[in-house]
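Structural features, examined
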Amino acid sequence: MLRVTEEVVNLSNGNKIIVFGKKGNDSIDITIPNILFQGKNNVLALEIGVKFSNTRINFLGSDSLAVIGKQFGAAIMINWTLLNRCTIILGKGSYTSGVLNIIASEAKSVLIGNNCLFSFGIWIRTSDVHLIMDLDNVNRINFARNINIGSNVWIGQNVSILKGTMIGSGSVIGLGSIVSGRIDSNVVAAGNPAKILKDNIFWDRASAHAYVNDEDYLININNLKKEGPSLNFSKLEDNSDSFISFVNGLKELDALSRFKLVDSKSTITENLVIKSNSNI
């Protein structure tokens, strides 16, 4: 267990923990249940006020960056492993019902936007770990790839998100899905592999467990707001190494992954907006 009470905590071998978002006389008191630094020059950046439960963060390589925004509601539960020159960024306002498992390896990144909801048993990984080669020319065919998840995304129970996945803002991924590839914004997708089942949707964070009639679901439309601007996804994919820099990582934190993915034949553009009923 490690307790952080200062804005910068310098550890051995150039590893450090940085707390951002402090205003005025705000006090810093963050407890990380389990954290391991095995390599050199790694940075863990935490937004002031973030709380952890049942958490393990493992830096098993060097020159990696993890950024974690303040959660929504209860303490977040994560099990993260970063190898060499990897990046994981979790935006602010996220909620975890169970432990969110992420493995970032082969110098790739996992970028997650703001106000996301994660159920139980979720695994996200940038690599297959073991190599698969073409029998004829011995060329590798299963290269690692970055993963990008937009803002206001709801990931259901026991979902696996594989290398190269792009999930647009405002979407829902159904229980037990295996996601590989591109999922547009504001859609429901499910299955193995996950496919779009319904488009033009948005979802509400409130639990419906206690509802007893058809009118209980009605949402105050005045709570709707627009999320933006969007970020050009190509910039993230082509320049992922820039996120190894702590400064660049924080610069992108508020804008990252608020991208809108529309028809799969379309190019990704900037300055689009996402519907959301989030009050965060």
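Before reading on, note that the structure itself is shown above.
Right, let's walk through the structure included here.

About the cut-offs
Residues numbered from 1 in each chain as written. Predicted model: local features only at pLDDT ≥ 70, side-chain atom pairs only at ≥ 80, totals over all residues. Heavy atoms only, no water. Helix = DSSP H or I, 4+ residues; strand = E, 2+ residues; numbered from the N terminus. Buried < 20%, exposed > 50% of the residue type's maximum accessible area, 1.4 Å probe, protein only. Patch = residues over 30% accessible without salt bridge, like charges linked within 9 Å, V, L, I, M, F, W, Y side chains within 5 Å. Areas by Shrake-Rupley, 256 points an atom, 1.4 Å probe, with all protein chains shown as cover. Salt bridge = Lys/Arg side-chain N within 4 Å of Asp/Glu carboxyl O. Pairing = 2+ DSSP bridges. Phe/Tyr/Trp six-rings, centres within 6.5 Å; stacked < 30°, edge-to-face > 60°.

Here we come to unusual backbone geometry. Apart from glycine, the bulk of residues carry a negative phi angle, and the bulk of peptide bonds sit in the trans form. In this structure, the amide linkage connecting Asn192 to the following residue, Pro193, adopts the cis form with an omega of -5°. In this structure, Pro193 sits in the loop between strand 23 (187–191) and strand 24 (194–199). Notably, Asn41 is not glycine yet its phi reads approximately 55°, a positive angle. With respect to the helices and strands, Asn41 occurs in the loop between strand 5 (34–37) and strand 6 (43–47). Taking the relative accessible area as the measure of exposure, Asn41 reaches 43% and is therefore partly exposed. A positive phi angle is found at Asn54, which is not glycine, with a value near 50°. In this structure, Asn54 sits in the loop between strand 6 and strand 7 (56–59). The exposure class assigned to Asn54 is exposed, which follows from its relative accessible area of 54%.

Side chains of Leu131, Met133 and Val138 sit close together on the surface and give an oily, nonpolar patch of about 300 Å² of accessible area. Its location among the elements puts Leu131 in the loop between strand 15 (122–125) and strand 16 (147–149).

As a further point, take the sheet that holds strand 14 (residues 117–118). Ordered in space as 11-14-17-20-23-24, the six strands form an open sheet in which the pairing is mixed. Strands at the two margins of the open sheet, each flanked by one partner only, are strand 11 (95–96) and strand 24. The sheet contact formed by strand 23 and strand 24 spans five bridges and is antiparallel. Note on strand 24: the bridge partner recorded for Gly191 is Ala194.

As a further point, take the pairing of strand 23. On a regular strand, one side chain projects to one face of the sheet and the next to the other, so that they alternate. Pairing analysis gives two bridges linking strand 20 (residues 172–173) to strand 23, with the strands arranged parallel. Each bridged residue has a counterpart across the sheet, and for Ile173 the counterpart in strand 23 is Ala189.

Let us look at the sheet that holds strand 12 (residues 100–104). Reading across the sheet, the seven strands line up as 5-7-9-12-15-18-21 and stay open at both edges, with parallel pairing between neighbours. The sheet is open, and its two edges are formed by strand 5 and strand 21 (178–179), each paired on a single side. Strand direction decides the pairing type here: strand 9 (residues 78–82) and strand 12, joined by five bridges, are parallel. From the neighbouring strand, Leu82 faces strand 12, where its bridge partner is Ala104.

If you walk through the whole model with that rule in mind, you get four salt bridges. Of the charged contacts in the structure, one is a salt bridge between Asp29 and Arg3, with a shortest N-O distance of 2.8 Å. Linking Asp29 in the loop between strand 3 (16–20) and strand 4 (30–32) with Arg3 in strand 1 (residues 2–4), this pair joins segments that are 26 residues apart in sequence. Judged by its relative accessible area of 56%, Arg3 is exposed. Of the charged contacts, one joins Arg140 and Glu106 as a salt bridge, the two residues approaching to 2.9 Å between their closest N and O atoms. Of this pair, Arg140 sits in the loop between strand 15 and strand 16 while Glu106 sits in the loop between strand 12 and strand 13 (109–112); the two residues are 34 residues apart in sequence, bridging distant segments of the chain. Arg140 gets classed as buried once you look at its relative accessible area, which sits at 18%. Of the residues examined, Glu106 reaches a relative accessible area of 35% and is grouped as partly exposed.

Let's shift gears to the packing of aromatic side chains. When we look at a pair of aromatic rings, we describe it by the centre distance and by the angle of the planes. One pass over the full model with this rule turns up two aromatic pairs. Ring geometry for Phe37 against Phe59: centres 4.8 Å apart, planes inclined by 5°, an arrangement best described as stacked. Placement of the pair is Phe37 in strand 5 and Phe59 in strand 7, with a sequence separation of 22 residues. Across the pair, Phe59 and Phe37 agree in class, each one buried. Ring geometry for Trp154 and Trp203: centres 5.6 Å apart, planes at 45°, overall tilted. With a gap of 49 residues between them, Trp154 in strand 17 (residues 154–155) and Trp203 in the loop between strand 24 and strand 25 (225–227) connect regions that are remote in the sequence. A relative accessible area of 10% places Trp203 in the buried class.

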